[in-house]
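Now for the letters of each chain:
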Amino acid sequence: EDQVTQSPEALRLQEGESSSLNCSYTVSGLRGLFWYRQDPGKGPEFLFTLYSAGEEKEKERLKATLTKKESFLHITAPKPEDSATYLCAVKGGYQKVTFGTGTKLQVIP
Amino acid sequence: ETGVTQSPTHLIKTRGQQVTLRCSSQSGHNTVSWYQQALGQGPQFIFQYYREEENGRGNFPPRFSGLQFPNYSSELNVNALELDDSALYLCASSLAGTDTYEQYFGPGTRLTVT
């Protein structure tokens with residue numbers, strides 16, 4: 001069965017303090033690894049899809065990387081508006097997409 | 001481009017009742033997936049609909065059922081509601097038949113079962 005584990009569960013950063021979120025996964029036949037941002041009470045907002053080991057994608061202060069066993073979401077010089085829960089998910093050969101429990105990020109001014 | 005919409009926003013039901021949640025997919029998308037998200041947890045896959053048929057199902061009992069209509073909108077029906085069904089129900093749309101599997105989520109329906 002596909003599994004996704006995210007760490008840390010919660011992360012508190014000062015504004016401008018860069019850090020990384022981890023997503024470890026096991027999946028049969030990876031079709032895609034996804035990162036989403038979710039604000040309280042709202043639906044997840046799509047950020048990135050990564051398809052193969054070695055792939056990297058960037059968007060503003062966020063950069064996602066992928067290896068055969070894990071993905072990292074690097075946050076450079078975060079701002080308070082980056083505060084949210086970041087979700088990682090994988091899709092294998094089946095239609096199901098499996099999500100982790102997320103990392104709750106708080107950026108303090 | 002119209003995003004994914006869901007209705008209602010909030011709903012309160014009593015244990016044993018039935019509920020129907022609705023979702024309109026993003027324009028150009030032909031596949032709809034439903035997820036249940038309990039507080040503090042990640043979304044759990046319920047099922048997916050493509051071409052008006054169920055196209056994959058997670059570990060949810062048969063009292064969770066769905067429909068997809070010719071315009072690609074969808075319904076989630078839950079019978080015999082239980083207290084543990086209280087959650088945020090998310091709908092996500094995507095385009096099948098491409099090499100990407102990106103899903104775009106709606107704002108969710110918050111269901112409370114008392």
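Residues numbered from 1 in each chain as written. Chains lettered and ligands numbered in written order. Predicted model: local features only at pLDDT ≥ 70, side-chain atom pairs only at ≥ 80, totals over all residues. Heavy atoms only, no water.

A. Representation of the packing of aromatic side chains within the structure. Residue and element names in this part refer to chain B. Taken as a whole and assessed by the stated rule, the structure comprises ten aromatic pairs over all chains. Ring geometry for Tyr35 against Phe45: centres 5.8 Å apart, planes inclined by 65°, an arrangement best described as edge-to-face. Note that Tyr35 is positioned in strand β4 (residues 31–37) and Phe45 in strand β5 (residues 44–50), a separation of ten residues in sequence. Grouping residues by exposure puts Tyr35 and Phe45 together as buried. For the pair Phe47 and Tyr49, a centre-to-centre distance of 5.3 Å together with 90° between the ring planes defines the contact as edge-to-face. Accessibility assignment for this pair places Phe47 and Tyr49 in one class, buried. (Phe/Tyr/Trp six-rings, centres within 6.5 Å; stacked < 30°, edge-to-face > 60°. Helix = DSSP H or I, 4+ residues; strand = E, 2+ residues; numbered from the N terminus. Buried < 20%, exposed > 50% of the residue type's maximum accessible area, 1.4 Å probe, protein only.)

B. Quick look at the pairing of strand β11 (residues 103–108) of chain A. Residue and element names in this part refer to chain A. Where strand β2 (residues 10–14) and β11 come together, five bridges link them in parallel fashion. Paired with Leu13 across the bridge in β11 is Val107. The sheet contact formed by strand β9 (residues 84–91) and β11 spans three bridges and is antiparallel. In the sheet register, Tyr86 faces β11, and the bridge partner there is Thr103. (Pairing = 2+ DSSP bridges.)

C. The arrangement of the state of the cysteines in detail. Counted under the stated rule, the structure contains two disulfides over all chains. The disulfide that involves Cys23 of chain A links it to Cys88 of chain A, with 1.9 Å between the sulfurs. A torsion of -65° about the S-S bond marks the disulfide between Cys23 of chain A and Cys88 of chain A as left-handed. With Cys23 of chain A in strand β3 (residues 19–26) and Cys88 of chain A in strand β9, this pair connects stretches of sequence that are 65 residues apart. The class of Cys23 of chain A is buried, set by a relative accessible area of 0%. Across the disulfide from Cys23 of chain B sits Cys91 of chain B; the S-S distance is 1.7 Å. For the disulfide bridge between Cys23 of chain B and Cys91 of chain B, the dihedral angle about the S-S bond is near -50°, and by the sign convention the bridge is left-handed. With a gap of 68 residues between them, Cys23 of chain B in strand β3 (residues 19–24) and Cys91 of chain B in strand β9 (residues 87–94) connect regions that are remote in the sequence. Like Cys91 of chain B, Cys23 of chain B is buried. (Disulfide = S-S within 2.5 Å.)

D. The sheet that holds strand β8 (residues 70–75) of chain A, seen in detail. All names here are of chain A. Taken in spatial order, the five strands of this open sheet run β1-β3-β8-β7-β6, and their pairing is antiparallel. Two strands lie at the open edges of the sheet, namely β1 (3–7) and β6 (56–59), each paired on one side alone. Direction aside, neighbouring strands of the sheet carry axes that sit 15° apart on average. Direction of pairing for strand β7 (residues 62–66) relative to β8: antiparallel, over a ladder of five bridges. Residue Ala64 lies in a different strand from β8, and its bridge partner there is Leu73. (Axes fitted to C-alpha atoms, helices over the stretch in contact; angles between N-to-C directions.)

E. How the structure looks around the interface of chain A and chain B. On the side of chain B, 23 residues touch chain A, which itself brings 21 residues to the contact. Interface area for chain A against chain B, summed over the two sides, is near 1,700 Å², with a carbon-plus-sulfur share of 55%. Seen at the junction of chain A and chain B, the total is zero salt bridges. Taken together, chain A and chain B are joined by three residue pairs in polar contact (both at pLDDT 80 or more). Sorting the residues of the side of chain A that touches chain B by element identifies β4 (32–38), β5 (45–50), β9 and β10 (97–99) of chain A as the ones contributing at least two each. Looking at the side of chain A that touches chain B element by element, the count peaks at three residues for β4 of chain A. A breakdown of the residues in the side of chain A that touches chain B according to their chemical character gives nine nonpolar, seven polar and five charged. (Contact = heavy atoms within 4.5 Å. Buried area = accessible area lost by both parts, 1.4 Å probe. Salt bridge = Lys/Arg side-chain N within 4 Å of Asp/Glu carboxyl O. Polar contact = N/O pair within 3.5 Å; in protein donor to acceptor, adjacent residues only side chain to side chain. Nonpolar A, V, L, I, M, F, W, Y, C, P; charged D, E, K, R; others polar.)

F. Looking closely at the sheet that holds strand β8 (residues 74–78) of chain B. Residues and elements named next belong to chain B. Pairing is antiparallel in the open sheet, where four strands are placed in the order β1-β3-β8-β7. With partners counted over all chains shown, the strands left at the sheet margins are β1 (5–7) and β7 (64–68), one partner each. Taken over all neighbouring pairs, the strand axes of this sheet differ in orientation by 20° on average, direction set aside. The pairing of β3 with β8 spans five bridges and is antiparallel. Looking across to β8, one finds that Arg22 is bridged to Glu75.

Geometric descriptors of this kind do not, in isolation, establish any biological role.
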